[in-house]
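# Commentary on secondary and tertiary structure
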Amino acid sequence: LPLCFPQKLWQMLESHQFRSIWWSEGGKCVAINKDLFKVEVLGRGVRQRVFNTRHIRSVIRQLNLYGFTKVQRDIQRSASLPEFLSEEAAASAHSQVLYYYNPSFNRAHPWLLGTCKRR
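Residues numbered from 1 in each chain as written. Predicted model: local features only at pLDDT ≥ 70, side-chain atom pairs only at ≥ 80, totals over all residues. Heavy atoms only, no water.

### Description of the overall build of the protein chain
For clarity, the threshold we go by: Helix and strand labels come from DSSP, where a helix needs a run of H or I of at least four residues and a strand needs a run of E of at least two; each type is numbered from the N terminus. With a 1.4 Å probe rolled over the protein chains alone, any residue whose accessible area is under 20% of its type maximum counts as buried; one over 50% counts as exposed, and the rest are partly exposed. Between two residues, a contact is recorded if the distance between any of their heavy atoms is within 4.5 Å. Each accessible area value is a Shrake-Rupley result obtained with a 1.4 Å probe; residue values ignore everything except the protein chains displayed when judging cover.
For the protein chain, the count of helices and strands is 4 helices and 4 strands. When the helices and strands of the protein chain are read in sequence order from the N terminus, they spell out α-β-β-α-α-β-α-β. Counting every position in the protein chain, which comprises 119 residues, the buried fraction comes to 37%. In the protein chain, the proportion of contacts linking residues at least 24 apart, taken out of those at least 6 apart, comes to 58%. Accessible area of the protein chain: about 7600 Å², with a carbon and sulfur share of 52%.

### Notes on the pattern of salt bridges
Selection criterion: One side-chain nitrogen of Lys or Arg within 4 Å of one carboxyl oxygen of Asp or Glu is enough to make a salt bridge.
Going through the model one piece at a time under the given rule, you end up with 1 salt bridge. Between Glu-14 and Arg-107 there is a salt bridge, with the nearest N and O atoms lying 3.0 Å from each other. Linking Glu-14 in helix α1 (residues 5-14) with Arg-107 in the segment after β4 (97-101), this pair joins segments that are 93 residues apart in sequence. For Glu-14, a relative accessible area of 34% translates into the label partly exposed. Judged by its relative accessible area of 43%, Arg-107 falls in the partly exposed class.

### Structural notes on the nonpolar core
To keep it simple, the criterion reads: Only buried Ala, Val, Leu, Ile, Met, Phe, Trp, Tyr and Cys residues count toward a nonpolar core, and they belong to the same one when joined by side-chain atoms within 4.5 Å.
Ranked by size, the top nonpolar core spans 25 residues in total, and within it Leu-9, Ile-21, Phe-37, Phe-68 and Phe-105 carry the most contacts. Elements supplying a minimum of two residues to this core: α1, β1 (21-24), β2 (29-33), α3 (56-65) and β4. The element best represented in this core is α1, accounting for 5 residues. Those residues within four positions of Ile-21 in sequence are excluded, and the remaining contacts are Leu-9, Met-12, Leu-13, Val-30, Ala-31, Ile-32 and Phe-37.

The quantities given are spatial measurements derived from coordinates; they are silent on function.
And the structure:
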């Protein structure tokens, strides 16, 4: 039987094959580097494709359908101009990373994966 979306996602996170997706927040969130994910995962040939799409918005739609919510990252800014500018550069690179949370999708509790159902 083919794997459902959460199972594929879990396998990707547990694999060392992908650099564009990883566990964040101690295994409670999924972090996705958008640009790298587009190339590394969605840019694969038909035979190597993980998902049946080439579009990041389709993957995000699947995340939402399975109850994942986007987590906003709150970044504190410094008052000094040089520090602020370097933090802005880091925040720009950081904005390419999307974070998603689902209470039933937790690295420390793999048995919850079965409760991760499509809405």
